[in-house]
Amino acid sequence: MKVHTVTDLNGNPIDYLLTKANVADRDSLYELSDKMSIDTLFGDKGYVGQVSEELKQERGIKLYALKRGNSKNHCQSLFVI
């Protein structure tokens, strides 16, 4: 079981979603972003990849996520923008 939580910048919970462990993090991200007005998200490495570009283009959401250690993108930044 996984808990996906949306918080404000002070860490106060705004919304959450419970999923089975085998559900992709990005699927939960789409479901949570459908429920509220979001313009910027910070997430862990489970959100890295094509989903970042899709969110930007389709919903105007900027996603900042920790880069995976095995990423093919060898930029020095810790975050994918």
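Residues numbered from 1 in each chain as written. Predicted model: local features only at pLDDT ≥ 70, side-chain atom pairs only at ≥ 80, totals over all residues. Heavy atoms only, no water.

Caption draft 1: Broad picture of the side chain of His4. Note on placement: His4 falls in strand S1 (residues 2-7). Judged by its relative accessible area of 5%, His4 is buried. Reaching out from His4, the side chain makes a polar contact with the side chain of Ser28 at a distance of 3.2 Å. (Helix = DSSP H or I, 4+ residues; strand = E, 2+ residues; numbered from the N terminus. Buried < 20%, exposed > 50% of the residue type's maximum accessible area, 1.4 Å probe, protein only. Polar contact = N/O pair within 3.5 Å; in protein donor to acceptor, adjacent residues only side chain to side chain.)

Caption draft 2: Examining the pairing of S1 more closely. Summarising the sheet, S1 and strand S2 (residues 13-19) pair through 6 bridges and their orientation is antiparallel. Paired with Val3 across the bridge in S2 is Leu18. (Pairing = 2+ DSSP bridges.)

Caption draft 3: Local environment of the pattern of salt bridges. Taken as a whole and judged by the stated rule, the model has 2 salt bridges. A salt bridge links Lys35 to Asp15; the nearest nitrogen and oxygen atoms lie 3.2 Å apart. Here Asp15 lies in strand S2 and Lys35 lies in helix H1 (residues 25-35), a separation of 20 residues in the sequence. Note that Asp34 and Arg59 form a salt bridge whose closest N and O atoms lie 2.6 Å from each other. (Salt bridge = Lys/Arg side-chain N within 4 Å of Asp/Glu carboxyl O.)

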